[in-house]
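Residue-level listing of the chains:
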Amino acid sequence: MLFCCLFSVGCRRVRPAAPPQLVVWAWERPEDLRFLPQDVPIAVQTGFVEIAGDGFVARGRRFPLLTNAAPRIAVVHIQIDERDPPDWTPDLRRRVAAAVLHYALVLPVPEVQIDFEVRRSQRNILVDVLHDVRAGLPKPLSLSMTALASWCQEGWLDHATADEIVPMLFRMGRGDPSLRTRIEAGGDFLDPRCRHALALSADEPIARAPAGRRVYLFDPRSWTRSDFQTIRQQVERWR
């Protein structure tokens, strides 16, 4: 019932505007974001898709979200069941894209984001999904994608048909700490498409990152006013 509050905030599709510089992720768990200032938009996970073998499971958000403003970005999280590698046929590709588009368009938002972490051998699946979702979105909507920070050093993201790439500077895997150190020292990502946005976590403060970028904020637990104020102050010190 509480999630209905999200839908009641606004029924008209929002016209695209210049991207704001700070965005809070409302991940799939109960969230009360009514404390957020009006100038901080919300990216809410609206859908979940798990690919397994020749099929997939898809569902919408299961948890309430309370907010005083309509979310700006609909996020669809996609993952692969590693116990049952995908049989990526044209038919499965078509059906997955249709499911992603369905959950991406359940809210009248101007932006859609795909969160899909894949292994090197599965990158073609991510590229296919982005291509099909991009082709299926209404013209005014923009498409964003999250990316492992290491992807921004490898040159293959030219194949990703997204308007925005968001390298994540948290939960970085093996071998990536050197990249984080380079960013904190004033360095930047090699891929120029990764130089417009980035993502941080409330529990992994970073000393410095490139300024002038859209910054997505993640919290490993349900957001509190205190968590938000702390990470916002951290960002404002180097932004």
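About the thresholds
- Residues numbered from 1 in each chain as written.
- Predicted model: local features only at pLDDT ≥ 70, side-chain atom pairs only at ≥ 80, totals over all residues.
- Heavy atoms only, no water.
- Helix = DSSP H or I, 4+ residues; strand = E, 2+ residues; numbered from the N terminus.
- Buried < 20%, exposed > 50% of the residue type's maximum accessible area, 1.4 Å probe, protein only.
- Contact = heavy atoms within 4.5 Å.
- Areas by Shrake-Rupley, 256 points an atom, 1.4 Å probe, with all protein chains shown as cover.
- Pairing = 2+ DSSP bridges.
- Salt bridge = Lys/Arg side-chain N within 4 Å of Asp/Glu carboxyl O.
- pLDDT = per-residue confidence, 0-100.
- Core = buried A, V, L, I, M, F, W, Y, C linked by side-chain atoms within 4.5 Å.
- Phe/Tyr/Trp six-rings, centres within 6.5 Å; stacked < 30°, edge-to-face > 60°.
- Lys NZ or Arg CZ within 6 Å of the ring centre and 35° of its normal.

As annotated in an unreviewed UniProt entry, the protein carries the name DUF3142 domain-containing protein and comes from Sphingomonas abietis.

Take the overall build of the protein next. If you tally the helices and strands in the protein, you get 5 helices and 11 strands. Every one of the 239 residues in the protein was classed for burial, and the buried ones make up 53%. Excluding contacts between residues fewer than 6 apart, the proportion of contacts in the protein whose partners are at least 24 apart in sequence is 72%. With an accessible surface of roughly 11,200 Å², the protein has 52% of that area assigned to carbon and sulfur atoms.

Moving on, we get to the side chain of Asp 128. Within the secondary structure, Asp 128 is located in helix H3 (residues 123-136). Accessibility expressed as a relative area gives 16% for Asp 128, which makes it buried. For Asp 128, the contacting residues outside a window of four places in its chain are Trp 88 and Arg 93.

A few words on the pairing of strand E4 (residues 55-60). Relative to E4, strand E3 (residues 42-52) runs antiparallel, the two sharing 6 bridges. In the strand pairing of E4, Gly 47 is matched with Gly 60. Counting the residues that bridge the hairpin from E3 to E4 gives 2 residues, and of these Gly 53 lies at a positive phi of roughly 60 degrees.

Taken as a whole and judged by the stated rule, the model has 22 salt bridges. Here Arg 29 and Glu 31 are joined by a salt bridge, their closest N and O atoms 2.7 Å apart. Taken individually, Arg 29 and Glu 31 each receive the classification buried, so the pair is uniform in this respect. One continuous salt-bridge network, built from bridges that share partners, spans Arg 72, Glu 111, Glu 164 and Arg 214.

Once that is clear, we can look at the environment of Asn 124. Relative to the assigned elements, Asn 124 resides in helix H3. Between the C-alpha atom of Asn 124 and that of Ala 160, which follows or precedes it by 36 residues, the distance is 9.5 Å.

Right, let's get into the confidence of the model for the protein. The predicted model of the protein has a mean per-residue pLDDT of 90, with 90% of residues at 70 or higher. For the stretch residues 1-17, pLDDT sits under 50, and the model shows 31 contacts to residues farther than four places along the chain or on other chains.

So, about the pairing of E3. The buried fraction of E3 is high, at 9 of 11 residues. Two elements, strand E1 (residues 22-26) and E3, share 3 bridges in a ladder whose sense is parallel. Directly across from Ala 26, in E3, lies its bridge partner Val 44. Note that E3 and strand E6 (residues 73-80) share 8 bridges and pair parallel. Along E6, the bridge assignment pairs Ile 51 with Ile 80.

Turning to the nonpolar core, a few remarks are in order. Generally speaking, a soluble globular protein has its nonpolar side chains buried in company with each other. In terms of nonpolar packing, the biggest core is built from 65 residues, with Ile 51, Phe 116 and Met 145 touching the most fellow members. In contact with Phe 116, not counting residues within four places along its chain, are Ile 51, Ile 78, Gln 79, Ile 80, Ile 125, Leu 126, Val 129, Thr 146 and Trp 151. Judged by nonpolar contacts, the second largest core, of 13 residues, contains Ala 43, Val 166, Phe 170 and Tyr 216.

Each aromatic ring pair is specified by the distance between its two centres and by the angle formed by the two planes. All chains considered together, the criterion is met by 6 aromatic pairs. Aromatic side chains Trp 151 and Trp 156 sit 5.2 Å apart centroid to centroid with 70 degrees between the ring planes, which places their arrangement in the edge-to-face category. Residue class for Trp 156 comes out buried when judged on its relative accessible area of 11%. Grouped by ring-pair contacts, the aromatic residues Trp 25, Trp 27, Phe 170, Tyr 216 and Phe 218 constitute a single cluster. Sitting above the plane of the Phe 48 ring, Arg 59 keeps its charged end 4.4 Å from the centroid.

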